[in-house]
Structures are given as C-alpha cells and as structure tokens.
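Structure assessment
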Amino acid sequence: MTPELMIAGVMLVALVVYTLTGGADFGGGVWQLLAWGPRKAAQRRLVDDSIKPIWEANHVWLILLIVLLFVCFPTAFAAVCTALHLPLALMLVGIVLRGSAFVFAHYDPLHGRGALRWGGVFAVASLLTPITLGVVLGALGTGFDVDPATGLVDTDFLSEWLAPYPLAVGLFTLALFAFLAAVYLVREADDPDLRADFRARALGSAVVVGVTALIAYLVAPPVIRHDLRPARGPPRCTSPPASPPWSRSTPWGPAATSSRASAMAQVTLIVVGWAVAQYPYLAYPGYTIAGTAAPASVLTPILVALAIGGLVLFPSLAYLFVVFKRRPAA
C-alpha cells in the first residue's frame, strides 16, 4: 500500500471516529432543542451530563483530518477550501459558538435568562453545524471544475454546494447524528421513563434517517447514481442507505449496549461506504488521492509521526472515557 493511501485510510478512520463521538454530541444538542413532555428538564440534564466529560476531546479527530488534508494533499485542500469556503466557514463558526455557548450556559451563577439564551445558541448551533458538514461531504462527489490554464479550481463559490444533493446529504447527516445520540442516551439513562423517551426518539429518528437517505438518492445527479465507467471504480452510488430494520428495532430490546453497538456499526458502514464510492477521488473529478499527494519525503515522516502519536492518543482517550463514563457501583 502506498503512503498516500495509508494516510487517506487514517483520514477515513478520523472521520468515522469523529462521526461516532462528535456526531453524537451534535445529536445531543438536537435533542436539547427538541426536548418536550413532562420530563423536558430531565431530558436536557441527561444530555448535559452525557456531553460534559468528553465533548472537547472529540474535536481532536476533526483537527487531525484537516491537518492531514492540508499537509499531505495540499492541492485538494486548496480546491476544497476555495470552492466550499462558505459552508466550511459556517461549520467552524457553529463549532465555536456551540462550544462557547455550552460553557457560558453552565457557568451562569444565577441560571437565569443568560443560561437560557446561551442554551438556545448551543441547541441551534448543534442543529445547523451537522448540516454544513453533510453539505461539504455531499459536494465532494458532485463535480469540481479545474481551470486548464492555471490548474486551479474554477468556482463561483456557490454551485458546488448550493444544490439539492449536498443539501439533502446535510439533512441526512443531521438525522443520522440525532439517531446516534438517541441510541447512546438510551444507554446513559438510569430512569426507566427517560430511557423510554429516548427509545421513542431513536425509533423516530431512524425513520427520518431512512426518509432523508431516500431524498438524497432521488435528488442525486446522474454522476452519483448512474456512472459505471471502469475508470471511476465502484458505482457512484454515494447516497447513503436507509437504516436497516435491526437498527430500528434494537433500541427496544433488553440490552441497550447491543443497540448502541448496532447503531455504531450502521454509521460506520455508511461513512466507509461513502469513502469507497468516492475512491479514488478526494474531490471529483480533478483531485485524486494519488494526483494531489505530497512527495514521499513529506508523507513518510507524517506516517511515522502518526504511529508515535497513536501510541499516546488512543490510551489517553480510552482512559478519559473509562474515568468519566464509568458507572458507579450499585
């Protein structure tokens, strides 16, 4: 396996882990916004308690993904950040506002209007940021034009992402994150009534995942659905599949842990399926993994640094989860 493919694989792992961790945190913000019923306050407290210990650490994976794209695939990085700079900027603003609002809302000593106001900012940012992330991912497969004279991306800064398919993928991403968070919260809840609340939300959001996946498929351009040319590799069916029946039924089963594992497996398969369909392109059609890779003199030290960093990062994050997510003994 070539160095650029190995680094692209690391980027895919970072995207999967960010989706399973940071994505669930965004989904928790959605359920804060949509809390209702007699246990509305308890639902919001559960979301807060689940997010507090680990929400900052989750962004390590997004930072890793961006840095690797910048260092190892600079031409693709320049094209993506030029053509998609508006949704990327909105996503970064949403991440910053969401994190700041979460802190400000919980450090208001009076827990009055200020806390409510910042809580609203947190919830709205949690709603909009996953949409922009999905828009960016959807736009990567729909077509980036290259100026033959300069070799740079030829863009009007809107047409690559302000289109039905990227917007539909954005809605799908939001639904997927909300589904993942609801399944996680079933496991986090000790109160049977709260557990039932989030079981219902998990089932409802799973249906929405299927509906938004179908919408994304229906509005996908021909290059996504029907291009089967050998040069493109696998069929370009990048619209995500609907959630399978077992993922919708397991939140009601006796073991919340198994439903969480099933939901994580489903989300992982969706992200990996997108990456396989995207291969060999980082941004279709002019930016391939091999064609935009930095020289081996850059890639090889990066791989060494990733190996050394992984020896520190993975045990540290595992210890963080063990410390803050351990359930007290009965």
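Positions within a chain are numbered from 1, following the residues in the order the chain's sequence is written. Local features in this predicted model are restricted to residues whose pLDDT is 70 or higher, and side-chain atom pairs enter the listing and the counts only when it is 80 or higher, whereas totals over whole chains, interfaces and linings include all residues. In computing side-chain properties, one takes all heavy atoms of the structure into account and sets aside hydrogens as well as water.

Residue-level confidence of the predictor is summarised by pLDDT, bounded by 0 at the bottom and 100 at the top. Looking at the chain, the pLDDT average stands at 84 and 86% of residues meet or exceed 70. Whether two residues touch is decided by their heavy atoms; if any such pair falls within 4.5 Å, the residues are in contact. Counting interchain partners and residues more than four positions distant, the pLDDT-below-50 stretch residues 227-254 has 66 contacts.

A pair of Phe, Tyr and Trp rings is counted when the ring centres sit within 6.5 Å of each other, with Trp represented by its six-membered ring. The angle between the planes then sorts it: under 30 degrees is stacked, over 60 is edge-to-face, the rest tilted. By the definition in use, this model includes 6 aromatic pairs. Judged by centre distance (5.2 Å) and plane angle (45 degrees), the ring pair of Phe 102 and Phe 122 falls under tilted. With Phe 102 in helix H5 (residues 85-106) and Phe 122 in helix H6 (residues 113-139), the pair connects residues that are 20 residues apart, well separated along the chain. Take Phe 122: its relative accessible area is 2%, and that puts it in the buried class. Consider the rings of Tyr 281 and Tyr 284, whose centres lie 5.2 Å apart with planes at 85 degrees: the pair is edge-to-face. The residues Tyr 281 and Tyr 284 share a single accessibility class, namely buried. Consider the ring centre and the ring normal. A charge sits over the ring if Lys NZ or Arg CZ is within 6 Å of that centre and within 35 degrees of that normal. Here Arg 201 stacks its cationic end above the ring of Trp 36, 3.9 Å away from the centre of that ring. Secondary structure elements follow DSSP: runs of H or I no shorter than four residues count as helices, runs of E no shorter than two count as strands, and numbering proceeds from the N terminus. Accessibility here uses a 1.4 Å probe with only protein chains present; expressed as a share of the type maximum, an area under 20% marks a residue as buried, one over 50% as exposed, and anything in between as partly exposed.

By salt bridge we mean one thing: a side-chain nitrogen of Lys or Arg within 4 Å of a carboxyl oxygen of Asp or Glu. In the structure shown here, the tally under the stated rule is 1 salt bridge. A salt bridge links Asp 197 to Arg 39, with the shortest nitrogen-to-oxygen separation between them at 2.8 Å. Placement of the pair is Asp 197 in helix H8 (residues 192-219) and Arg 39 in the loop between helix H1 (3-33) and helix H2 (40-51), with a sequence separation of 158 residues. Overall, the relative accessible area of 28% leaves Arg 39 in the partly exposed class.

Taking 1.5 Å per residue as the helical rise, H1 with its 31 residues ought to reach 45 Å, and the 44 Å between its terminal C-alpha atoms agrees with that figure. At every residue, the bend is computed as the angle between two fitted axes, covering the seven residues ending there and the seven beginning there respectively. A bend of about 35 degrees at Thr 19 is the largest found in H1. Of all 31 residues that make up H1, 22 are buried, and the element is covered over most of its length. Take the residue count of a helix, subtract one, and multiply by 1.5 Å to get its expected span.

With that out of the way, let us pick up the side chain of Thr 173. Of note, Thr 173 is situated in helix H7 (residues 164-188). Thr 173 sits in the buried class, given a relative accessible area of 9%. N or O atoms closer than or at 3.5 Å make up a polar contact, with two conditions inside protein: a donor-capable atom paired with an acceptor-capable one, and, for residues adjacent in sequence, both atoms drawn from side chains. Only 2.8 Å separates the side chain of Thr 173 from the backbone oxygen of Val 169, close enough to count as a polar contact. When near neighbours in sequence (up to four residues on either side) are disregarded, Thr 173 contacts Pro 130 and Gly 134.

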